[in-house]
Amino acid sequence: MHIRPVLLIVGAVLLGFALVMLVPALVAAWSDESTTGAFLKSAAITAVVAGAMVAAGFHARVLIYPKQTFVITTTVWVAVSAFGALPFVFYAHIDYSDAVFETMSGITTTGSTVLVGLDSMPRSVLIWRSLLQWVGGLGFTVMAIAILPFLGVGGMRLFRSESSEWTDKGTPRVRSLALSISACYLLLSVTCALAYWAGGMSAFDSINHAMSTISTGGYSTHDASFGHFDSAMLEATAVVFMIAGALPFALYVRSTKDGGHALVNDQQVRGFLKTIVAVVGVIATWRALRSDDSFVEALRDAAFNVLSVITTTGFASTDYGSWGEFATMAFFLLTFVGGCSGSTAGAFKIFRFQIALGVLRSQMLRLIHPHAVQTREFNGRPVGDDVLRSLVGFSFAFFATIVVLAVSLTLFDLDFLTSISTAATMVTNVGPGLGPIVGPAGNFASLPDPAKWLLSAGMLLGRLEIMTVIVLLNRRFWRS
């Protein structure tokens, strides 16, 4: 394990992160807020440490091997969370546990929060929270397209292409794809902000919510989240852009060359959209039958909140936890679904459900016709045994992580619903859980500090597809 290239790359990322900290510092100076010093001090500390790391690895030969890729991926997220917490500590004087939780929630686009009084909070702090999610969403999208397929994590090898090759020949392709995705990400963010502004949001709210929407993060500038606006137009706009954030960004790039056929013909995209239509229809119908709301009102509430959970955004327009037991169970199960691979969304991802259903269908057919020759394909590509082994391993690790985290939370005297929904929402990076404490109308501030550290670890595991982090705990990984 050559550590100097790791130090060089992580240090370079932190230097860029220090520059991002200057944005809320400028907002604070423009708004004449007292938070300017907190952000400048945080940026200075981050830049000094990052500079030392870059200097230590400056003469290293930057040739990245799989082992270093695992270390770099995890270390970058941990380092960014550690230094991104500093502004919260310096400004709000909250303890470091809360600050790391808030930052990890932002950078992993989870959207859970320990802060209250958002409506009266300085604009610089609010823009910092949104920037954390926006940067984290972009970073994960590039990682999911250019790195995870190469590592073969959780069946992601299906999406491996020339751009996933970390060789001298492939690196320019990785750089080109990353730039194209970044441009698409920025364009969608600007379009979303303009749409929100046209729908009645203030310019500041539009910018913040656009960053949270496209990153499928869910941070809001108001304690009541999207319920603060109470606007059908804004909720419809959010639905469109939450879907946009949960679709594969590589297909956006490809669609610019083939007129959109890549998106329309993608098996994963079609499955995702069909799932949305079916679930929204069922919950809207049930809601209309069980409440005094008209079907249009029920459809509005169902569409927004279902999309918010299934895309792992985490916005809330109402407390759907109070809709009854059926709705509670439905939203709990939706927590696991997620969007498409190569998007900003978290959770299990649609393609894994599709492959699992294909294997189940194949197994049933084999029981009927034992000697039939069958081929497994996804999007026209063969699904090899290596992909299935990776998917099975990921699936076990994914659900085992949720179970272990939920059991650990019960040690802090949390009830079953709070424990299981909190564990699920952390690992799937959705945001709000269920119940009066961590539900859509609740907050994570009341949880004890050890629980927040566990939840921060759960968010990191979920965002980095579990195996990317767990492999570092194996002693064999560190042997030459």
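1. Some thoughts on the overall build of the protein chain
Alright, step 1. Across its full length, the protein chain holds 21 helices and two strands.
Alright, step 2. The C-alpha radius of gyration of the protein chain comes to 22 Å, within 12% of the 23 Å expected for a compact globule of 480 residues.
Alright, step 3. For the protein chain, the proportion of contacts with a sequence separation of at least 24, taken over those separated by at least 6, is 70%.
Alright, step 4. Carbon together with sulfur atoms contributes 67% to the accessible area of the protein chain, which is approximately 20,500 Å² in total.
Alright, step 5. For the protein chain, the distance from the average position of its 30 positive side-chain charges to the average position of its 28 negative side-chain charges is 17 Å.

2. Notes on the environment of Phe348
Alright, step 1. Structurally, the position occupied by Phe348 is in the loop between α16 (325-334) and α17 (350-368).
Alright, step 2. On the basis of relative accessibility, which here comes to 5%, the residue Phe348 falls in the buried class.
Alright, step 3. The spacing of Phe348 and Val404 is 56 residues in sequence and 17 Å in space, taken between C-alpha atoms.
Alright, step 4. If near-sequence neighbours (up to four positions away) are discounted, Phe348 is found in contact with Phe336, Val337, Phe353, Phe394, Ser395, Phe398 and Phe399.

3. Some points on a nonpolar patch on the surface
Alright, step 1. Together, Leu186, Val190, Leu194 and Trp197 line one region of the surface with nonpolar side chains, adding up to about 420 Å² of accessible area.
Alright, step 2. Along the chain, Leu194 turns up in helix α9 (residues 171-198).
Alright, step 3. When its relative accessible area of 52% is taken as the criterion, Leu194 is described as exposed.

4. Things to note about the packing of aromatic side chains
Alright, step 1. Considering all chains together, one arrives at 25 aromatic pairs under this definition.
Alright, step 2. Where Phe101 meets Phe444, the ring centres are 5.7 Å apart and the plane angle is 35°; that geometry is what we call tilted. Taken as a pair, Phe101 in helix α6 (residues 96-107) and Phe444 in the loop between α19 (416-427) and α20 (449-463) lie far apart in primary sequence, 343 residues in all.
Alright, step 3. The ring of Phe204 carries Arg123 above its face, with NZ or CZ at 4.5 Å from the centroid.

5. A look at unusual backbone geometry
Alright, step 1. Although it is not a glycine, Ala347 adopts a positive phi angle of roughly 70°.
Alright, step 2. In this structure, Ala347 sits in the loop between α16 and α17.
Alright, step 3. One non-glycine residue with positive phi stands out, namely Asp413, at about 65°.
Alright, step 4. On the basis of relative accessibility, which here comes to 73%, the residue Asp413 falls in the exposed class.

6. Side note on the nonpolar core
Proteins that are soluble and globular tend to have nonpolar side chains buried together.
Alright, step 1. Counting 145 residues, the largest nonpolar core has Phe226, Phe249, Phe272 and Leu334 as the members making the most contacts within it.
Alright, step 2. Per-element accounting of this core gives the leading share, 13 residues, to helix α7 (residues 123-146).
Alright, step 3. Ignoring anything within four residues of it in the chain, the contact list for Phe249 reads Thr141, Ile145, Ile181, Cys184, Tyr185, Leu188, Ile214, Ala244, Gly342, Ser343 and Thr344.

7. Some points on empty space enclosed by the protein
Empty space among the atoms can be located by rolling a probe the size of a water molecule over them.
Alright, step 1. Counting across every chain of the model gives one cavity of 30 Å³ or more.
Alright, step 2. As for the largest cavity, its lining consists of Val309, Tyr320, Phe331, Phe332, Thr335, Ser421, Ala424, Thr425, Pro432, Gly433 and Leu434.
Alright, step 3. Put simply, the parts of the chain that give the lining of the largest cavity at least two residues each are α16 and α19.
Alright, step 4. For the lining of the largest cavity, the per-class residue count stands at seven nonpolar, four polar and no charged.

8. Some remarks on the packing of helix α11 (residues 232-245) against helix α15 (residues 295-310)
Alright, step 1. Orientation of α11 relative to α15, taken along the N-to-C sense of each, is 35°, at an axis distance of 10 Å. Of the two elements, α11 crosses α15, and the hand of that crossing is left-handed. Between α11 and α15, the contacting residues are Ala232, Glu235, Ala238, Val239, Met242 and Ile243 on the first element and Arg300, Ala303, Phe304, Leu307 and Ser308 on the second.

9. So, the state of the cysteines
Alright, step 1. Summed over the entire model, instances satisfying the criterion amount to zero disulfides.
Alright, step 2. Left without a disulfide partner, Cys184 is nearest to the cysteine sulfur of Cys192, which lies 13 Å away.
Alright, step 3. Using a relative accessible area of 16% as the deciding quantity, one classes Cys184 as buried.

10. A look at α19
Alright, step 1. The terminal C-alpha atoms of α19 lie 17 Å apart, and with 12 residues this matches the ideal 16 Å at 1.5 Å per residue to within 8%.
Alright, step 2. Judged by how many residues are buried, α19 sits mostly within the fold: 10 of 12 residues are covered.
Alright, step 3. Regarding α19, the residues found buried are Thr418, Ser419, Ile420, Ser421, Thr422, Ala423, Ala424, Thr425, Met426 and Val427.
Alright, step 4. Turning to α19, the residues buried within the fold contact α6, α16, α18 (385-410) and α20.
Alright, step 5. Put simply, Asp415 is the residue that caps the front of α19, since its side-chain oxygen is 3.1 Å from the backbone nitrogen of Leu417.
Alright, step 6. Phi turns positive one or two residues past the end of α19, at Asn429, with a value near 60°.

11. Considering the pattern of salt bridges
Alright, step 1. Counted according to the given criterion, the structure contains eight salt bridges.
Alright, step 2. Put simply, Lys349 and Glu465 hold a salt bridge, and the shortest N to O gap is 3.2 Å. In this pair, Lys349 is assigned in the loop between α16 and α17 and Glu465 in the loop between α20 and α21 (467-470), connecting sequence segments 116 residues apart.
Alright, step 3. On the basis of relative accessibility, which here comes to 1%, the residue Glu465 falls in the buried class.

12. Quick look at the packing of α7 against helix α10 (residues 203-214)
Alright, step 1. Taken N-terminus to C-terminus, the directions of α7 and α10 make an angle of 25°; their axes are 8 Å apart at the nearest point. Looking at the two axes, α7 sits roughly parallel to α10. You can see that α7 and α10 cross each other, and the crossing is left-handed. Of the residues in α10, those in contact with Arg123, Leu126, Ile127, Ser130, Leu131, Gln133 and Trp134 of α7 are Phe204, Ile207, Asn208, Met211 and Ser212.
Alright, step 2. Residues belonging to the contact of α7 with α10 are distributed by class as follows: seven nonpolar, four polar and one charged.

Each value, and the rule that gives it
- Residues numbered from 1 in each chain as written.
- Predicted model: local features only at pLDDT ≥ 70, side-chain atom pairs only at ≥ 80, totals over all residues.
- Heavy atoms only, no water.
- Helix = DSSP H or I, 4+ residues; strand = E, 2+ residues; numbered from the N terminus.
- Rg over C-alpha atoms; globule rule 2.2 N^0.38 Å.
- Contact = heavy atoms within 4.5 Å.
- Areas by Shrake-Rupley, 256 points an atom, 1.4 Å probe, with all protein chains shown as cover.
- Lys, Arg positive; Asp, Glu negative; His and termini not counted.
- Charge placed at Lys NZ, Arg CZ, Asp CG, Glu CD.
- Buried < 20%, exposed > 50% of the residue type's maximum accessible area, 1.4 Å probe, protein only.
- Patch = residues over 30% accessible without salt bridge, like charges linked within 9 Å, V, L, I, M, F, W, Y side chains within 5 Å.
- Salt bridge = Lys/Arg side-chain N within 4 Å of Asp/Glu carboxyl O.
- Phe/Tyr/Trp six-rings, centres within 6.5 Å; stacked < 30°, edge-to-face > 60°.
- Lys NZ or Arg CZ within 6 Å of the ring centre and 35° of its normal.
- Core = buried A, V, L, I, M, F, W, Y, C linked by side-chain atoms within 4.5 Å.
- 1 Å grid on protein atoms, 1.4 Å probe; cavity = no way out; pocket = protein on both sides within 12 Å on 5 of 7 lines; lining within 4 Å.
- Points joined across faces, edges and corners; volume = space filled by probe spheres on them.
- Nonpolar A, V, L, I, M, F, W, Y, C, P; charged D, E, K, R; others polar.
- Axes fitted to C-alpha atoms, helices over the stretch in contact; angles between N-to-C directions.
- Left-handed = near helix turned anticlockwise from the far one by under 90°.
- Disulfide = S-S within 2.5 Å.
- Expected span 1.5 Å × (residues − 1).
- Polar contact = N/O pair within 3.5 Å; in protein donor to acceptor, adjacent residues only side chain to side chain.
- Parallel < 35°, antiparallel > 145°, perpendicular 65-115°, else oblique.

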